Amino acid sequence: MANELDEMTGPVNKEGRDVNVIEKQIQVKVGVGSIIFEILLWVLGIIPGIVFLFMKRSAKSYLAKLQQKLQHDASQIDNYLEQRVVILSNVAKLLDKAVDLDKSTFTEIASLRSGINPNSDLNEVASKIDNMNTKINVAVERYPDLKAHQEIADAMQQNSYLQKEITAAREVYNDTVRQWNSDIFAWPTKMIVAAKQGYTTRIPFSVSSETKARARETFF
């Protein structure tokens, strides 16, 4: 029997293929089969019905705790984003004394320093911070002597560290999102509970098209 996916002869897209995160939440729904399943448990006896009832309560508690973990993981990203805004703000002030930095950078920083709204789109916030970071990096590259400035060098190092922490925190959040999206479709218990609660899938973090475009640029 031939391989279903043959890397030697199978169709190959020589142009390559990019991937994107689909911005869509899928609601959990159960059909008639699940209703019949629950009825049959009670028909078979009171014990199977009661056991499944306790299983559903346990599943509801589990999903509630998982939601709290999602909130915690998202909050961690908020914290790192906020710290990065502070660091970039300090760098911008140092640069302003030495070079004519794009004034819109200060406007963006001031807007973000007023506080990251918990209900805001974190992808959008991160994109704005990355945009500020790019402007500051461009300014530093234009004036090589600034790299020798110890305060600027320290701040840029902290900025680099925070970016790594943000990436790690996103991975943790995305892992929890994957767990949530998997568990709410685990039939019968969790899926029936999720459908009754009106739960939907969660959308993992993604990067903006601008960031993707910059990732394809030549840096060296």
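Residues numbered from 1 in each chain as written. Predicted model: local features only at pLDDT ≥ 70, side-chain atom pairs only at ≥ 80, totals over all residues. Heavy atoms only, no water.

Colleague: Outline helix H6 (residues 189–197), listing residues and values.
Modeller: Among all positions in H6, only Thr-189, Met-191, Ile-192, Val-193, Ala-194 and Ala-195 are buried. Among the residues trailing H6, Gly-198 stands out with phi positive, at a value near 75 degrees. (Buried < 20%, exposed > 50% of the residue type's maximum accessible area, 1.4 Å probe, protein only. Helix = DSSP H or I, 4+ residues; strand = E, 2+ residues; numbered from the N terminus.)

Colleague: Explain the pattern of salt bridges to me, and be specific about the residues and the numbers.
Modeller: Following the criterion strictly, the structure yields 2 salt bridges and no others. Close ionic contact of Glu-38 with Lys-56 constitutes a salt bridge, the shortest N to O distance being 2.7 Å. One end of the pair, Glu-38, is in helix H1 (residues 32–44); the other, Lys-56, is in helix H2 (residues 46–98), with 18 residues separating them in the sequence. With a closest N to O distance of 3.0 Å, Lys-69 and Asp-73 form a salt bridge. With Lys-69 and Asp-73 both in helix H2, this residue pair falls 4 residues apart, about one helical turn. Residue classification places Lys-69 among the partly exposed positions, given a relative accessible area of 37%. For Asp-73, a relative accessible area of 5% gives the class buried. (Salt bridge = Lys/Arg side-chain N within 4 Å of Asp/Glu carboxyl O.)

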